[in-house]
Amino acid sequence: MSRKLKVGIVGGTGMVGQRFVELLDQHPWFEVTAIAASSSSAGKTYEESVQSRWKLATPIPENVKQIIVQDASKVEEVATGVDFIFCAVDMKKDEIKALEEAYAKTGTPVISNNSAHRWTPDIPMVIPEVNPGHIEIIAAQRKRLGTSTGFIAVKPNCSIQSYVPALNALLDFKPTNIVASTYQAISGAGKNFTDWPEMLDNVIPYIGGEEEKSEQEPLRIWGNIVNNEIIKASSPLITTQCIRVPVTDGHLATVFASFENKPSKEEILARWLNYKGRPQELNLPSAPKQFITYFEEENRPQTKLDREIERGMGVSVGRLREDSMFDYKFVGLSHNTLRGAAGGAVLIAELLKAEGYIQAK
C-alpha cells in the first residue's frame, strides 16, 4: 500500500469504540484520523473525553490522545477526512440506520458493529471465514443508495461467534437441529465489574433480544443472494438460551447438534483442524492462523484461559462427544469484544480492502 487508509471511528468513546482505537494502533493498513461521538464529547480531545471512563487494561494509544472528537451527526464533516468508518454508536435503531446510510451516501464505506442493519436485505452481515461471498451484494446496495463507493457492511451478534464457525465446518453433513446455551461476559453489555457490581457472585438468565439474534442470525449468514437480497437459510432449526455470567470477557456456548448425515467424531475433528477461510487464504493482518482450535482436555476451553487464543480472534472448541438425544454435543468459546465485536469488524474491513471494496478516496 502506498499509504495507510484513513479511518474514522463513529462512537469512538464507548467500550467498543475504545477497542477499535486499541486494535487500530499500529495497524499495518489502517490509521485512525477521526473520532466522532455525541455532541457532549465533541470539541474535546479524545484523551479528555475518555480518560475518566477508559475501560481497557491497555493505556490510551498516544497517537489518538490529541485527536479532537467530532460530532457524529455532522456526517459530511467527519466523512471528508476519512476513507471509511467503523460505527459503534449507542442510539435508537432507526437513528442508527439513518446515520449509517447518511455516511454511506457520502461515498464512505461503513463497517458497522451495530445491529440496526443486520436484516436490511442488501446489506451483508459477515463472519469473514464463514460467508465472505455475501459482500458481492454491495453492488446492488450501492445502486439503491446512489453511490459508487459508499456502502454498509455489518458484523453479526457476538453470541453466535462461539458456535457458528464450528457448525459451519460441518454444513455438508446437513445439521438439522441445534440447541445452544450461551454464557456471556459482562463486557457484552459494555460494562465491567466497577460499574456493574450487581454481577459479582451472580448469574442473570436473560439478555434482552439475544436469543432471537442467536437463533436467526446464523440462518442469514448461511443464506444466499437471490435477486439483490440475502435470503436466509431454512435450516437447521436453532433454539437458544442466553445467560449473563460474572466474567469480564469471553462468550462460552454449550451446543447440541443433530445431522441428516451423521459424521464420525474423527471427521468432525479433522474439519475443525483444517478449517481455513478467505482471511487465511489472503493472510489478512487480523486473521487467526488457526481459526478453530480443539482442546482434548476434558475441562477446556475455559473462558479465562482460552479467550485470548490467536490474539482473541480464534475460536476454541472442546468436549466433543456423542449425545443420548442429539448426535453430538460440544463446547465453544470466543472473545466477545475481539472476535465478536471490534476485532471482527476490523477483519471485515481488511477483507473488503483486499477484495477491492474499500479504497483511498
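So, how was this worked out
Residues numbered from 1 in each chain as written. Predicted model: local features only at pLDDT ≥ 70, side-chain atom pairs only at ≥ 80, totals over all residues. Heavy atoms only, no water. Helix = DSSP H or I, 4+ residues; strand = E, 2+ residues; numbered from the N terminus. Buried < 20%, exposed > 50% of the residue type's maximum accessible area, 1.4 Å probe, protein only. Areas by Shrake-Rupley, 256 points an atom, 1.4 Å probe, with all protein chains shown as cover. Lys, Arg positive; Asp, Glu negative; His and termini not counted. Charge placed at Lys NZ, Arg CZ, Asp CG, Glu CD. Expected span 1.5 Å × (residues − 1). Contact = heavy atoms within 4.5 Å. Pairing = 2+ DSSP bridges. Axes fitted to C-alpha atoms, helices over the stretch in contact; angles between N-to-C directions. Parallel < 35°, antiparallel > 145°, perpendicular 65-115°, else oblique. Left-handed = near helix turned anticlockwise from the far one by under 90°. Phe/Tyr/Trp six-rings, centres within 6.5 Å; stacked < 30°, edge-to-face > 60°. Lys NZ or Arg CZ within 6 Å of the ring centre and 35° of its normal. Salt bridge = Lys/Arg side-chain N within 4 Å of Asp/Glu carboxyl O. Core = buried A, V, L, I, M, F, W, Y, C linked by side-chain atoms within 4.5 Å.

Q: It is not clear to me how the overall build of the protein chain should be interpreted in this structure. Could you clarify?
A: When its secondary structure is counted, the protein chain shows 11 helices and 14 strands. Along the three orthogonal principal directions, the C-alpha set of the protein chain runs to about 60 × 50 × 35 Å. Going through the 361 residues of the protein chain one by one, you find that 57% of them count as buried. A total of about 15200 Å² of accessible surface is found on the protein chain, and carbon and sulfur atoms cover 49% of it. Charge separation in the protein chain, taken as the distance between the mean sites of 40 positive and 44 negative side-chain charges, equals 2 Å.

Q: What is the right way to read the environment of S235 from this model?
A: Relative to the helices and strands, S235 resides in the loop between β9 (229-231) and β10 (237-244). S235 gets classed as partly exposed once you look at its relative accessible area, which sits at 43%. Spatially, the C-alpha atoms of S235 and A253 are 20 Å apart, while their sequence positions differ by 18 residues.

Q: Explain helix α7 (residues 210-221) to me, please; I cannot follow it from the model alone.
A: Given 3.6 residues per helical turn, the α-helix brings residues three or four places apart onto the same face. With 12 residues, α7 should cover 16 Å at 1.5 Å per step; its first-to-last C-alpha distance of 16 Å lies within 8% of that length. Among all positions in α7, only E210, S214, E215, E217, P218, L219, R220 and I221 are buried. Against the buried residues of α7 lie α6 (164-168), β7 (175-184), β9 and β10.

Q: How should I be thinking about the pairing of strand β13 (residues 315-322) in this particular structure?
A: Alignment of strand β12 (residues 292-295) against β13, held across 4 bridges, turns out to be parallel. The partner of T293 across the bridge, within β13, is S316. Summarising the sheet, β13 and strand β14 (residues 328-334) pair through 5 bridges and their orientation is antiparallel. Counted as the bridge partner of V317 is G332 from β14. Following β13, the chain reverses through 5 residues before pairing antiparallel with β14.

Q: Please explain the packing of helix α1 (residues 15-24) against helix α11 (residues 338-354) as it appears in this structure.
A: For any two helices packed against each other, the geometry is given by the interaxial angle and the distance between the axes. The N-to-C vectors of α1 and α11 enclose an angle of 55 degrees; their axes lie 9 Å apart at closest approach. Judged by the angle between their axes, α1 and α11 are oblique. In this structure, α1 crosses over α11, and the sense of that crossing is right-handed. Facing V16, R19, F20, L23 and L24 of α1, the residues of α11 in contact are L338, A341, A342, G343, A345 and V346.

Q: Is there a simple way to think about the packing of aromatic side chains in this case?
A: Working definition: an aromatic ring pair is given by the centre-to-centre distance plus the angle between the planes. By the definition in use, this model includes 9 aromatic pairs. Geometrically, the ring pair formed by Y46 and W54 is edge-to-face, given 6.4 Å between the ring centres and 90 degrees between the ring planes. Here Y46 falls in the buried class, since its relative accessible area comes to 0%. By way of ring pairs, the aromatic residues F20, W29, F30, F84 and F86 are connected into one cluster. One cation-aromatic arrangement involves K262 over Y328; the distance from NZ or CZ to the ring centre is 5.4 Å. The ring of W29 is capped by K353, whose NZ or CZ atom sits 5.8 Å from the centre of that ring.

Q: What is the right way to look at unusual backbone geometry in this model?
A: Among all residues except glycine, the phi angle is most often negative; among peptide bonds, the trans geometry is most common. In this structure, the amide linkage connecting S235 to the following residue, P236, adopts the cis form with an omega of 5 degrees. Within the secondary structure layout, P236 lies in the loop between β9 and β10. A cis amide bond links R300 with the next residue in sequence, P301, at an omega value of 5 degrees. Residue position: P301 is located in the loop between β12 and α10 (303-306).

Q: I'm lost on the side chain of R307 in this one. Help?
A: Relative to the helices and strands, R307 is located in the loop between α10 and β13. Although R307 lies buried, it forms no salt bridge, and the closest oppositely charged side chain, E308, sits 4.6 Å away as judged by the N-O distance. Not counting the four nearest positions on each side in its chain, R307 is found in contact with V247, T248, D249, G250, Q302, G312, L333 and H335.

Q: Honestly, the sheet that holds strand β1 (residues 5-10) in this entry has me stumped. Any pointers?
A: Taking strand neighbours across the sheet as the criterion, the 6 strands line up as β3-β2-β1-β4-β5-β6 in an open arrangement whose pairing is parallel. The sheet is open, and its two borders are formed by β3 (70-71) and β6 (151-154), each paired with just one other strand. Pairing analysis gives 3 bridges linking strand β4 (residues 84-87) to strand β5 (residues 109-112), with the strands arranged parallel. From the neighbouring strand, C87 faces β5, where its bridge partner is S112.

Q: I tried to follow the nonpolar core on my own but got confused; where do I start?
A: Most often, soluble globular proteins have nonpolar side chains that are buried together. Core analysis: the largest hydrophobic core is formed by 54 residues, its most contacted members being V10, Y103, Y163, W222, W272, V317 and F330. If we ignore the near neighbours within four places in the chain, the residues touching W272 are A166, A169, L170, Q290, I292, Y294, V317, L320 and F330. Listed in part, the 35 residues of the second largest apolar core include I135, A342, V346 and Y357.

Q: When you look at the sheet that holds strand β11 (residues 251-259) in this model, what are you seeing that I'm missing?
A: Whenever strands of a sheet pair, they do so through backbone hydrogen bonds, lying parallel or antiparallel. Pairing is mixed in the open sheet, where 6 strands are placed in the order β10-β7-β11-β14-β13-β12. Each edge of the open sheet is held by one strand with a lone partner, namely β10 and β12. Neighbour to neighbour, the strand axes of the sheet diverge by 20 degrees on average, direction disregarded. In the packing of α7 onto the sheet, contacts are made with β7 and β10, and the angle to β10 comes to roughly 140 degrees.

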